[in-house]
Amino acid sequence: MTTTLTEIKHLPTLALLVCCEYLAIFKKTVAMHEVFLCRVAAHPILRKDLNFHVFLEYNQDLSVRGKNKKEKLEDFFKNMVKSADGVIVSGVKDVDDFFEHERTFLVEYHNRVKDASAKSDKMTRSHKNVADDYNRIGSSLYALGTQDSTDICKFFLKVSELFDKTRKIEARVSADEDLKLSDLLKYYLRESQAAKDLLYRRSRSLVDYENANKALDKARAKNKDVLQAETTQQICCQKFEKISESAKQELIDFKTRRVAAFRKNLVELAELELKHAKLQVMCAVRKCPSD
Amino acid sequence: MEIADRISFLYIFCLFAMKECCNSCYMLHMATGSSNFFLFFWFFFWKQSSPSSPEPASLPAEDLSTNSNGPKPSEIMLDGDREDLFAEATEEVSLDSPERDPILSPETTPAVTPVTPTALIAPRMESKSVTAPVIFDRSREEIEEEANGDLFDIEINVSDPEKVGDGMNAYMAYRVTTKTSLSIFHKNEFSVKRRFSDFLGLHSKLATKYMHIGYIVPPAPEKSIVGMTKVKVGKEDSSSTEFVEKRRAALERYLQRTVKHPTLLQDPDLRQFLESSELPRAVNTQALSGAGILRMVNKAADAVNKMTIKMNESDAWFEEKQQQFENLDQQLRKLHASVEALVCHRKELSANTAAFAKSAAMLGNSEDHTALSRALSQLAEVEEKIDQLHQEQAFADFYVFSELLGDYIRLIAAVKGVFDHRMKCWQKWQDAQVTLQKKREAEAKLQLANKPDKLQQAKDEIKEWETKVQQGEKDFEQISKTIRKEVGRFEKERVKDFKTVIIEYLESLVQTQQQLIKYWEAFLPEAKAIA
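What counts, and where the lines are drawn
- Residues numbered from 1 in each chain as written.
- Chains lettered and ligands numbered in written order.
- Predicted model: local features only at pLDDT ≥ 70, side-chain atom pairs only at ≥ 80, totals over all residues.
- Heavy atoms only, no water.
- Salt bridge = Lys/Arg side-chain N within 4 Å of Asp/Glu carboxyl O.
- Helix = DSSP H or I, 4+ residues; strand = E, 2+ residues; numbered from the N terminus.
- Buried < 20%, exposed > 50% of the residue type's maximum accessible area, 1.4 Å probe, protein only.
- Patch = residues over 30% accessible without salt bridge, like charges linked within 9 Å, V, L, I, M, F, W, Y side chains within 5 Å.
- Areas by Shrake-Rupley, 256 points an atom, 1.4 Å probe, with all protein chains shown as cover.
- Lys, Arg positive; Asp, Glu negative; His and termini not counted.
- Charge placed at Lys NZ, Arg CZ, Asp CG, Glu CD.
- Contact = heavy atoms within 4.5 Å.
- Buried area = accessible area lost by both parts, 1.4 Å probe.
- Polar contact = N/O pair within 3.5 Å; in protein donor to acceptor, adjacent residues only side chain to side chain.
- Nonpolar A, V, L, I, M, F, W, Y, C, P; charged D, E, K, R; others polar.
- Pairing = 2+ DSSP bridges.
- Axes fitted to C-alpha atoms, helices over the stretch in contact; angles between N-to-C directions.
- Phe/Tyr/Trp six-rings, centres within 6.5 Å; stacked < 30°, edge-to-face > 60°.
- UniProt positions renumbered as here; feature names shortened; annotations may be inferred.
- Expected span 1.5 Å × (residues − 1).
- Bend = angle between axes of the 7 residues up to and from the residue.

Novice: I keep staring at the pattern of salt bridges and nothing clicks. Help me out?
Specialist: For side chains bearing opposite charge, pairing can occur when the charged atoms are close. For the structure on display, the rule yields 42 salt bridges over all chains. Residue Lys119(A) pairs with Asp115(A) through a salt bridge whose shortest N-O separation is 3.1 Å. Here Lys119(A) pairs with Asp115(A), and both are found in helix H5 (residues 97-145), just four residues apart, close to one helical turn. Take Lys119(A): its relative accessible area is 23%, and that puts it in the partly exposed class. The partner of Asp132(A) in a salt bridge is Lys128(A), and the shortest N-O contact between them spans 4.0 Å. Placement of both Asp132(A) and Lys128(A) in helix H5 is noted, with a separation of four residues, approximately one turn of the helix. Each of Glu222(B), Arg253(B), Arg257(B), Glu403(B), Asp407(B), Arg410(B) and Asp497(B) takes part in salt bridges that share partners, so that together they form one network.

See below:
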């Protein structure tokens, strides 16, 4: 009898709990979107894209269609081809030291970020589990406290309140860790993958350039289709140089952005952890000054 | 060597699995009353003990037992009434074939008269119930006047677990140190070496003497086959050291709780346990001894009787209290389960934090921006320290909070046992009254039939039963009075214990948070220094 009554009394807090969780997830998604849009806006070339302007300015519904099955299948095959090709292309040694260094760096970095991101996810989830346990302990103590109105029961009620507050704070710690640390790592996991893709495209064009050179030499030797071979070679050369230039710039930007993002998030993480820990100490001390 | 140990381990497990079947057959017998199951039970029983056991005969086996409810102690508490009835019975099942020989014959029915070798246990109900209150009454009152409430100057520590012996004959010996200024002890400070079965023997003696007159005797820690076998086999890993530490702490709490009780403190057995350097081996705690079997049999009989006794409760206080204890029991179990989950999750959190710390360090290594690299390494260090913190907190969670809850759940079982004893006492009184009535009717009949010699006998019997009825009534009132006092004492102790423990636990939480503050404050400037 008494247990059902206490469970009903906890309903308003249950609704609050659901609200808090929703807000936490909402905050997270909003933050990711903001980072994405800022990135695009900061880029010298992408910011001029018409699609971007439409996205920012058009004040009615954009009606974006999701990818249909055919497009998804196309994507899937494209990915397969790309990864196979990537393996072949990565065997080619690069003349440029900068890019060679970047490639080794990126491959290692990407793997480590992946590992860190996974571990950080696990850690955040454990934190959430601990917060949930506090919740259950709080409600058990509440049930013990409502047995009668002796001193010990009042004590139990106070402790149950304290556990409630602690639980909320721990849940927020877990959510903030998720936001600042896990999301940061996840984002850089994808960014480093994108950087790797960029390097792949450049290597691809390098291979094409070298193949065009070989074809030109062959054509000159046979003295057949020389002009065609020359134009192909020229196009490839231009493409390669353009991509090399922009890739270099992009990779340098990537590094700057990465450092800045890590700094911002790590500072915010430390500040939030401090805030929560201080809050917990304050709550506990206030709750039991007389005991 | 290792393989041989593993085989013995497995062998023991198989034997205990069979013992579980044995116990369930026994329960089936009690439930159905059919003799088929009974025979099945004995068959299993003989099968286990006879030729297949040259090995178990050599085992000291006191510390080996089955928790028939499974290796995890928490499972015992969460099972319903059925397991409760047999929890105490089955905990004493162990291997020791030589002792059990003479007793068993398939003809004896369980609800019964003591059989031969158990002369030690047989007279307990009759003689002790007369002697115990008489001997200790005076001194108990004296002590209570001397100390208001339970403030005795006695402090007990259990420490230095050491492994004695080798292989399957090994056991853990604990040092029990007592510091006191009470005059009933010979010295002010002394220590002895005791093993786990000694503690169980002490509890069994105290329970036999005091439970049936209404005193709440604190229960001893539980046997655990998994833990002990690991220790015997000689595994020096962290789980076996944890097990030994858990047991040591539990034994200390058990003794401290026992000496707080004013009446139990006076008991000569307790004094002998604390003082004398040589203690006779508590062989009666072994289940396959005659005493063990008899105990098991009696307990099963009691269980059935409890279900059939319908008591007219004249005193509402008792009914209320029983209901209260029932509620308390349920809620403590729920709380205990939540705290155990917390311990588990916090250990997980600690492991995950350690893994993340390593991963962050690797990431810092591969980062080529120097300031960021250094900051990431710092982050890794902070997380490692936090992992240590979490581990310590989990430790506190467990030893401070969770074990206390477990102790109280067992204590409440003891309280329920005491209430049951009161019911049995009442039943005895009622039975005596019924018999007296019958004897009076028989006498009346004999008067009409006019047989003078038989008449005299009938009159004698009536006198005898009248005294028995009076005694029964006195016993019942005595036990009711004792229980009231005991319950009052129990409630006060409970309040004190819970308050102290919860405050200690909260303080540990606060300390953890303060440490966290220090660590993050140290990290913040590093993070800000990333250029």
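Following the structure, the description resumes.
Novice: Explain a positive patch on the surface to me, please; I cannot follow it from the model alone.
Specialist: Residues and elements named next belong to chain A. Taken together, the side chains of Lys27, Lys165, Lys168, Arg172, Lys275 and Arg286 make up a positively charged region of the molecular surface. For the positive patch, the elements supplying multiple residues, two or more each, are helix H6 (151-222) and helix H7 (226-287). Ranked by residue count, the leading element in the positive patch is H6, at three residues. Inspection of the secondary structure assignment puts Arg286 in helix H7. Residue classification places Arg286 among the exposed positions, given a relative accessible area of 59%.

Novice: I'm lost on the interface of chain A and chain B in this one. Help?
Specialist: Taken together, the contacts link 54 residues of chain A with 52 residues of chain B. Here chain A and chain B share an interface that buries about 5,100 Å² over both sides, 72% of which is from carbon and sulfur atoms. Applying the counting criterion to the chain A and chain B interface returns five salt bridges. Among the salt bridges present, the one from Asp368(B) reaches Arg258(A), with a minimum N-O distance of 3.6 Å. In this structure, the connection of chain A to chain B is made through 13 residue pairs in polar contact (both at pLDDT 80 or more). Sorting the residues of the side of chain A that touches chain B by element identifies H5, H6 and H7 of chain A as the ones contributing at least two each. The greatest single-element share of the side of chain A that touches chain B, amounting to 24 residues, is contributed by H5(A). Of the residues that constitute the side of chain A that touches chain B, the class distribution is 30 nonpolar, nine polar and 15 charged.

Novice: Looking at this structure, I do not really get the sheet that holds strand E3 (residues 189-195) of chain B. What am I missing?
Specialist: Strands belonging to one sheet form pairs held by backbone hydrogen bonds; the direction of such a pair is parallel or antiparallel. Residue and element names in this part refer to chain B. Sheet architecture is open: three strands sit in the order E1-E2-E3, paired in antiparallel fashion. Edge positions in the open sheet fall to strand E1 (154-164) and E3, since each of these has one partner strand only. Across the sheet, the mean angle from the axis of one strand to that of its neighbour is 20 degrees, orientation sign disregarded. Across the sheet, helix H8 (residues 196-210) is in contact with strand E2 (171-180) and E3; its angle to E3 comes to roughly 100 degrees. On top of the sheet, helix H12 (residues 268-275) reaches E1, E2 and E3; it is set at about 95 degrees to E3, its chief contact.

Novice: I'm lost on the packing of aromatic side chains in this one. Help?
Specialist: Geometrically, a pair of aromatic rings is defined through the distance of the ring centres and the angle of the planes. Residue and element names in this part refer to chain A. In the structure shown here, the tally under the stated rule is 24 aromatic pairs over all chains. With centroids separated by 5.3 Å and ring planes inclined at 25 degrees, the aromatic side chains of Phe105 and Tyr109 adopt a geometry described as stacked. Placement of both Phe105 and Tyr109 in helix H5 is noted, with a separation of four residues, approximately one turn of the helix. Both rings, one in Tyr134 and one in Phe163, keep their centres 5.6 Å apart while their planes meet at 70 degrees; by these two values the pair is edge-to-face.

Novice: For this particular structure, what's the right way to read the UniProt feature "coiled-coil region" (unreviewed entry) in chain B?
Specialist: Here the UniProt feature "coiled-coil region" (unreviewed entry) sits at residues 448-482 of chain B. Helix makes up 94% of residues 448-482 of chain B and strand 0%. Its end C-alpha atoms lie 45 Å apart.

Novice: Is there a simple way to explain helix H15 (residues 370-449) of chain B in this structure?
Specialist: Spacing of three or four residues puts side chains on the same side of an α-helix, whose turn is 3.6 residues. Residues and elements named next belong to chain B. For H15, built from 80 residues, the straight-helix expectation of 118 Å at 1.5 Å per residue is met to within 8% by its first-to-last C-alpha distance of 116 Å. Where H15 bends most, the angle comes to about 30 degrees, and this point is Ser402. Two residues or fewer after H15 comes Asn450, characterised by a positive phi angle close to 60 degrees.

Novice: Before we go on, may I ask you to explain the side chain of Glu486(B) in this structure?
Specialist: Residue and element names in this part refer to chain B. Looking at the element boundaries, Glu486 is found in helix H16 (residues 452-528). As a buried residue without a salt bridge, Glu486 has its nearest oppositely charged side chain in Arg489, at a separation of 4.4 Å. One polar contact links Glu486 to His261, side chain to side chain, over a distance of 2.9 Å. Excluding residues that lie within four positions of it along the chain, Glu486 makes contacts with Gly214, Tyr215, Ile216 and His261.

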